[in-house]
Structure formats: C-alpha cells, structure tokens
Amino acid sequence: FPSHDTINSPICIKLQSQRVYSKKINDLIVSASGKMGFEEIDVYGYATPITKQIFKIVAYFPEQDEWEDLKSSYMRTKQAITDKYGEPDDVAEIFEPPYEDGKNDGSELGGLSQEKIVFRTIWARRANTNIMIEMTKDFHLKLTYENAQNMYLKRKEVAQFQNQNF
C-alpha cells in the first residue's frame, strides 16, 4: 500500500464509496467493515503518532466454526498471495501433541484456541511491504500488511515523542 496514505487520506472516502462502513477510532486507528468478495471483513489501519502515516493494515475474515473451513480459507489465501508475491520467507504450520495434521477429529479448533496449533506465513519486504497471514486463536483468518518504510517512521516518531515527553 502507498507509503504516503495518512489516517485522514482519501482511502476512507474510497472505502465508503464502495459501500464499506468506515470510522475513525482515534487519531491513530481507523476501522472499516464491508464485503470482500462474498465475505464480510473488518479492517483496521494504524497510523504513526506524529505524521499520521498509515504503517499497518490488518484484515480479519469471518470467524469459522469448522477446522476444515478455516484451513481451506488459509490455504487459498496463502496460495493467492504466493501467486502474486512469490514464495514466502517463513512458514509455520505446527501441531503440538496431542494434535496432528490430518486427524480431523474435531479437536483442531480447541488446539488453535490453546495456541497448540499455529498457522502463519510471512512474506518479507515485497514492494516495501511485509505481509503475514495467520489463523487467530478465536478462529479468524488475519491478514496483515505492513509498510516497511512507515514501520521505520513509526519507530522513529515513537522515539521522538518519548524524548520530548521525558
């Protein structure tokens, strides 16, 4: 996503024109809800503390109540991102005992909620963007985009803010 978008940029207006409900939560966070394809999603944009540049966008897909549905959504999204950005830099698809891949005994969501099952894939520094997809412990698919340039800017602004206030 563009490095020059701010919390007050036209992106919110564009989202609203596409029938996506958006609102500013505070000076550093904006949220949006709406349809992406056939699914309702919730999106959060996070801004740097001083210049209000967007440094991270996080999308939450609908909660799934079946392991196979969540895993299928994860794998489809992972493949779509891989097709666009190439092979991921880090993949963690881990089942800690007593959970096993392919067992499909209905216990997988319990393992995920206890963080004994981890599904996370990361693409680092793709067109100035870090991308991560993961299953959350509350059964959502979470897609995160971080603008690498603005992540650096955020760290710099946080340090500057702390120095001014101490």
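Residues numbered from 1 in each chain as written. Predicted model: local features only at pLDDT ≥ 70, side-chain atom pairs only at ≥ 80, totals over all residues. Heavy atoms only, no water.

A.B. asks: Would you take a moment to explain the overall build of the protein for this structure?
C.D. replies: When helices and strands are tallied, the protein shows four helices and eight strands. Written out in order from the N terminus, the α and β elements of the protein read α-β-β-β-β-α-β-α-β-β-β-α. Nonlocal contacts in the protein, meaning residues at least 24 apart in sequence, comprise 51% of its contacts between residues at least 6 apart. As displayed, the protein offers around 9900 Å² of accessible surface, 51% of which is attributable to carbon and sulfur atoms. (Helix = DSSP H or I, 4+ residues; strand = E, 2+ residues; numbered from the N terminus. Contact = heavy atoms within 4.5 Å. Areas by Shrake-Rupley, 256 points an atom, 1.4 Å probe, with all protein chains shown as cover.)

A.B. asks: Is there a simple way to explain unusual backbone geometry in this structure?
C.D. replies: Across residues other than glycine, the phi torsion is negative in most instances, and most of the peptide bonds are trans. In the segment running from Pro97 into Pro98, the intervening peptide bond is cis, with an omega of 15°. Although it is not a glycine, Lys52 adopts a positive phi angle of roughly 65°. Here Lys52 lies in the loop between strand S3 (39-47) and strand S4 (54-60). Positive phi values are uncommon outside glycine, yet Asn128 reaches one of about 70°. Mapped onto the fold, Asn128 is located in the loop between strand S6 (117-126) and strand S7 (129-135). A residue is classified by how much of its surface remains accessible, and Asn128, at 29% relative accessible area, is partly exposed. (Buried < 20%, exposed > 50% of the residue type's maximum accessible area, 1.4 Å probe, protein only.)

A.B. asks: Is there a simple way to think about the nonpolar core in this case?
C.D. replies: Generally speaking, nonpolar side chains in soluble globular proteins are found buried as a group. Grouped together as the largest cluster of nonpolar side chains are 20 residues, with contacts concentrated most on Trp67, Leu70, Leu112, Ile117, Phe119, Met135 and Leu143. At the level of secondary structure, the elements contributing two or more residues to this core comprise helix H2 (67-85), helix H3 (108-113), S6, S7 and strand S8 (141-147). The leading source of residues in this core is H2, at four residues. Apart from the residues lying within four places of it in its own chain, the contact partners of Leu70 are Gln64, Leu109, Leu112, Met135, Phe139, His140 and Leu141. (Core = buried A, V, L, I, M, F, W, Y, C linked by side-chain atoms within 4.5 Å.)

A.B. asks: I tried to follow the pattern of salt bridges on my own but got confused; where do I start?
C.D. replies: Note that side chains of opposite charge can pair when their charged atoms are close. Summed over all chains, the structure comprises five salt bridges. One salt bridge in this structure joins Lys103 and Asp105, with 3.8 Å as the shortest N-O distance. Given a relative accessible area of 43%, Lys103 falls into the partly exposed group. (Salt bridge = Lys/Arg side-chain N within 4 Å of Asp/Glu carboxyl O.)

A.B. asks: Sorry, what's going on with the packing of aromatic side chains here?
C.D. replies: In this description, an aromatic ring pair is defined by two values, namely the gap between the centres and the angle between the planes. Applying the stated criterion to the full structure yields five aromatic pairs. Residues Tyr44 and Tyr60 carry aromatic rings whose centres are separated by 6.1 Å and whose planes lie at 80° to one another, so their mutual orientation is edge-to-face. Taken as a pair, Tyr44 in strand S3 and Tyr60 in strand S4 lie far apart in primary sequence, 16 residues in all. Accessibility expressed as a relative area gives 25% for Tyr60, which makes it partly exposed. An angle of 80° between the planes, with centres 5.5 Å apart, marks the rings of Trp67 and Phe119 as edge-to-face. Pair noted here: Trp67 is in helix H2 and Phe119 is in strand S6, with a separation of 52 residues, a long-range link. Summarising the burial analysis for this pair, Trp67 and Phe119 share the class buried. Put simply, the rings of Trp67, Tyr74, Phe95 and Phe119 touch in pairs and so form one group of aromatic residues. (Phe/Tyr/Trp six-rings, centres within 6.5 Å; stacked < 30°, edge-to-face > 60°.)

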